[in-house]
Structures are given as structure tokens and as C-alpha cells.
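Working through the structure, step by step
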Amino acid sequence: MIKILIIKAFMSHSYKKLVILASGTGSNAEKIISYFNNSTDVKVCAVLSNNKKAEVLPMAESYGVPTMAFDREALYQSGAVLGHLKTLAPDLIVLAGFLWMIPEDIIQAFPDKIINIHPSLLPKFGGKGMYGSRVHRAVLAAGEKETGISIHYVNQHYDEGKLIAQFKTALSDNDDLDSVLAKIKQLEHGNYARVIANLLENKHG
Ligand code: GRF
């Protein structure tokens, strides 16, 4: 009897659960999924998207991660997305290129459990409408000497939640949109999953 209990205790190893929300390509989502693919501690248990045609969905399915697409009504009115998230009970909800505002009810249901990655050194070049190449164009137009990425908690205001970690890269006069995009992608792909792993171990980014 005691032997069985001891074996059961070892078998009931619990994973930390991640849910990823993404709207587009999902290159960051893929880095995160592959980073934790063989982990015995962390499992990506779902990828959700507001865009049923987003490339992130077949990518996630190719790794065996369940996916779900939802519309505005499910996110903002019926509570369907909130209900699904509650069922999944994630330790962390990771936004990876998710373009819609997270509604108040989800923020309240998961306090300090929703994080985002933004492709600039916040508070610079953040806020509504600042996403993708718009951010990098603004950085170049302002003649910035450096740019980078910010990983932060999500609150009711676009890109204003508490910072978790930032990573920088230098800019020169030779930089253009393509080179900035490449530098930012490199920072994102090299850091987001590791920061998530640290957060789940209760270490700061
Ligand atoms: C990234 O640049 C991220 O900073 C921003 O959205 C982009 C998503 O890119 N929030 P991808 O779909 O992961 O390639």
C-alpha cells in the first residue's frame, strides 16, 4: 500500500501550463513551442487565435498543440474565450503577436498571468496602432541610436503593463526597415521563451 502511494506521488508530476494567443505568423509562438517541446516541467496546452486563417494555427497543430480560433463576440461578449481559458487553467497566458485588446474580465481572472512582447524599448514607440513595421519605421524616423524588445505584463492599456525584461540592440545610419526587423526578430526569438521559463520558475525575466 505504502509502495503504491509513493509510486503515485512520483507519477503525479504536474506541468506548468502555457496558453499562447497569436494573430499572425507565429514565429515567436513556434520558438516557444519548440523550446518547451521536450520539457517535463512546462507544457504549451493551447494556441488561440482571433484569425482562423493565421499561420500560427497549422504550425501549432504540427507540434500536436490544440488550437482554437475565435471571433470578437467570443472574446468581448459571450465570455466563451474566458470560459475556455478558465477550463485550461494556465499558469501563464503568453501573447505572441496578438493584436486585439485583452478584455477586462480576462485580465481580472488572470492577474499577473498575462504577458506580451513588444518590438520596441517601451515606453517608447508603444500604444494603440503601434505594431509590426509601424514601430520600426517610427524608430528609424526618430533617428534612435538603439532599439529593442520589451516583455511586460498586460493591463487595460496597450503596452503599459509592468516591465519584466528588455533587450537592446544598437542602430547605425546604415540600418533600414529590413535590418531593424531582423535584429528585433533575433532578440525576440533568443529571449522570449527563456524569460517565460524564468517567470514560471518564479525568477525575474
Ligand atoms: C513580434 O514582433 C512581437 O514583438 C509583436 O508581434 C510580432 C509577432 O511576430 N508583438 P510573429 O507572428 O511571432 O512572427
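Here, every reference points to the structure presented above.
Cut-offs applied
- Residues numbered from 1 in each chain as written.
- Predicted model: local features only at pLDDT ≥ 70, side-chain atom pairs only at ≥ 80, totals over all residues.
- Heavy atoms only, no water.
- Salt bridge = Lys/Arg side-chain N within 4 Å of Asp/Glu carboxyl O.
- Helix = DSSP H or I, 4+ residues; strand = E, 2+ residues; numbered from the N terminus.
- 1 Å grid on protein atoms, 1.4 Å probe; cavity = no way out; pocket = protein on both sides within 12 Å on 5 of 7 lines; lining within 4 Å.
- Points joined across faces, edges and corners; volume = space filled by probe spheres on them.
- Nonpolar A, V, L, I, M, F, W, Y, C, P; charged D, E, K, R; others polar.
- Near = heavy atom within 4 Å.
- Polar contact = N/O pair within 3.5 Å; in protein donor to acceptor, adjacent residues only side chain to side chain.
- Areas by Shrake-Rupley, 256 points an atom, 1.4 Å probe, with all protein chains shown as cover.
- Sits in = over half its atoms within 2 Å of the grid points.
- Phe/Tyr/Trp six-rings, centres within 6.5 Å; stacked < 30°, edge-to-face > 60°.
- Buried < 20%, exposed > 50% of the residue type's maximum accessible area, 1.4 Å probe, protein only.
- Lys NZ or Arg CZ within 6 Å of the ring centre and 35° of its normal.
- Core = buried A, V, L, I, M, F, W, Y, C linked by side-chain atoms within 4.5 Å.
- Contact = heavy atoms within 4.5 Å.

Under the counting rule described, the total for this entry stands at four salt bridges. As a salt-bridge pair, Glu144 and Lys124 come within 2.9 Å of each other at their nearest N and O atoms. Here Glu144 is found in the loop between α7 (133-141) and β6 (146-153), whereas its partner Lys124 is found in the loop between β5 (114-118) and α7, with 20 residues between them in sequence.

Our focus in this paragraph is the layout of surface pockets. One number sums up the size of the largest pocket: a volume of about 790 Å³. Those elements that provide at least two residues to the lining of the largest pocket are α2 (27-35), β5, α7 and α8 (177-200). The element best represented in the lining of the largest pocket is α8, accounting for four residues. Of the residues belonging to the lining of the largest pocket, the class tally is 15 nonpolar, 17 polar and four charged. Size it by volume and the second largest pocket reaches roughly 190 Å³. In this structure, the second largest pocket is lined by 13 residues; those nearest its centre are Phe36, Asn37, Lys43, Val44 and Val65.

The full set of residues close to the ligand is Thr25, Gly26, Ser27, Asn28, Gly97, Ile117, His118, Pro119, Lys185 and Glu188. The contact in question runs from an oxygen atom of the ligand to an N or O atom on the side chain of Lys185, over 3.1 Å. Between the ligand and the protein, one listed contact pairs an oxygen atom with a side-chain N or O atom of Glu188 at 2.3 Å. Surface burial for the ligand is 83%, taken as the share of its 360 Å² of free accessible area covered by protein chains. Assessed atom by atom at 2 Å from the grid points, the ligand resides in the largest pocket. Going through the elements one at a time, α2, β5 and α8 are the ones with two or more residues in the shell around the ligand. The residue inventory of the shell around the ligand, partitioned by class, reads two nonpolar, six polar and two charged.

Summed over all chains, the structure comprises four aromatic pairs. Ring geometry for Phe70 versus Phe98: centroids 6.2 Å apart, planes at 50 degrees, classification tilted. Taken together, the positions of Phe70 in the loop between β3 (67-69) and α4 (72-76) and Phe98 in the loop between β4 (92-95) and α6 (104-109) put the pair 28 residues apart, joining distant regions of the chain. With relative accessibility at 7%, the residue Phe70 sits in the buried group. On the basis of an interplanar angle of 70 degrees and a centroid distance of 6.3 Å, the ring pair of Phe70 and Trp100 is categorised as edge-to-face. You can see Phe70 sitting in the loop between β3 and α4 and its partner Trp100 sitting in the loop between β4 and α6, a full 30 residues away along the chain. Neither residue differs from the other here; Phe70 and Trp100 are each classed as buried. Site record: aromatic cluster; members linked through ring pairs are Phe70, Tyr76, Phe98 and Trp100. Over the ring of Tyr15 we find Lys43, and its NZ or CZ is 5.5 Å from the ring centre. The cationic tip of Arg72 hangs over the ring face of Trp100; the distance from NZ or CZ to the ring centre is 4.2 Å.

With respect to the helices and strands, Asp175 occurs in the loop between β7 (163-170) and α8. Overall, the relative accessible area of 13% leaves Asp175 in the buried class. A distance of 2.8 Å separates the side chain of Asp175 from the backbone nitrogen of Ser172, its partner in a polar contact. Here the side chain of Asp175 touches Lys183 through a polar contact of 2.9 Å, side chain to side chain.

Attention shifts here to the nonpolar core. Counting 41 residues, the largest nonpolar core has Leu18, Ile32, Ile115 and Ile196 as its most contacted members. If one sorts the elements of this core by residue count, α8 sits on top with ten residues. Leaving out residues up to four positions away in the same chain, Ile32 has contacts with Leu18, Ile20, Val44, Val94, Tyr192, Ala193 and Ile196.

Looking now at the environment of Ile102. Inspection of the secondary structure puts Ile102 in the loop between β4 and α6. For the pair formed by Ile102 and Gln156, sequence separation is 54 residues and the distance between their alpha carbons is 7.3 Å. Those residues within four positions of Ile102 in sequence are excluded, and the remaining contacts are Leu21, Leu95, Ile107, Ile114 and Val154.

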